[in-house]
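Structure at a glance
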Amino acid sequence: EMEDIIKNVKETVAANAPSIMVGLHKLMNENEEMKKDIIEFVNERRAQVKEQIISNAKIINDIKVFQVDSLLLAADIAKDIAFQIKGEHKGQSIAFIAATVFNGRPSLTVMLSDDLVERGLNAGNMVREAAKYIQGGGGGQPHFATAGGKNIDGLKTAFSQLMDIIKS
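This section reports on the structure supplied with the text.

Definitions and cut-offs
- Residues numbered from 1 in each chain as written.
- Predicted model: local features only at pLDDT ≥ 70, side-chain atom pairs only at ≥ 80, totals over all residues.
- Heavy atoms only, no water.
- Core = buried A, V, L, I, M, F, W, Y, C linked by side-chain atoms within 4.5 Å.
- Buried < 20%, exposed > 50% of the residue type's maximum accessible area, 1.4 Å probe, protein only.
- Contact = heavy atoms within 4.5 Å.
- Pairing = 2+ DSSP bridges.
- Helix = DSSP H or I, 4+ residues; strand = E, 2+ residues; numbered from the N terminus.
- Axes fitted to C-alpha atoms, helices over the stretch in contact; angles between N-to-C directions.
- Salt bridge = Lys/Arg side-chain N within 4 Å of Asp/Glu carboxyl O.

One recurring pattern in soluble globular proteins is that nonpolar side chains are buried together. Membership of the largest hydrophobic core comes to 26 residues, with the highest contact counts inside it found for I97, L108, V110, L112 and I166. For I97, the residues in contact, after removing those within four places along its chain, are V65, F66, Q67, V68, T109, V110, M126, F159, L162, M163 and I166. Core analysis: the second largest hydrophobic core is formed by 16 residues, F66, V68, I77 and F96 among them.

Turning to the sheet that holds strand β4 (residues 105-112), a few remarks are in order. To summarise the sheet geometry, strands pair through backbone hydrogen bonds and adopt either a parallel or an antiparallel arrangement. One open sheet holds the 6 strands; their spatial order is β1-β2-β3-β4-β6-β5, and the pairing between them is mixed. Both edges of this open sheet fall to β1 (58-60) and β5 (137-140), since each of them pairs with a single strand only. Across the sheet, the mean angle separating the axes of adjacent strands is 20° when strand polarity is ignored. Pairing between strand β2 (residues 63-72) and strand β3 (residues 94-102): 8 bridges, direction parallel. Bridge pairing in β3 links L71 to T100. Where helix α3 (residues 75-88) meets the sheet, its contacts fall on β2, β3, β4 and β6 (144-148), and the angle it forms with β4 comes to roughly 15°.

This part takes up the pattern of salt bridges. All told, the structure shown has 8 salt bridges when counted by the stated rule. The residue K86 makes a salt bridge to D114 at a minimum N-O spacing of 3.4 Å. Here the residue K86 occupies a position in helix α3, and D114 occupies one in helix α4 (residues 114-118), the gap between them amounting to 28 residues. What makes K86 buried here is its relative accessible area of 17%. E129 serves as the salt-bridge partner of K132, at 3.2 Å between the closest nitrogen and oxygen. Look at E129 and you get partly exposed, because its relative accessible area is 37%.

Right, here's the structure in full:
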């Protein structure tokens, strides 16, 4: 039985290599190269999405609003982009409002500049209210909050509610 297993492993792993160990090392090296390529691709995509978000920013009530509506984007990438944008726009009144979907699950991300928090806006409260539309929950701090849910169909309504808060 062990000989059969070793034979199958050799046929699978070392088909184009002189030994199992050489074949394993080759596969491991290829895996590392693919990981590097994937990380590079993700970083390039993140930069493209960020530039698209920045170029589509709107001024609403003297607030520069960066909005992401129903984009296929992982929540952690939306968070990363939000913090990058906030860092790049210090001293400005900004709001980052994102309604995204990843792996079939909707999420909301809200980032507010410190002056908006001082004026009474609260990202945690905003997200908690809007999360009801995606059958989810969330929260966070006054300047940054996220929510996840189950109902993709409610994402547009949740996004609209968040934008209405900024507009009021």
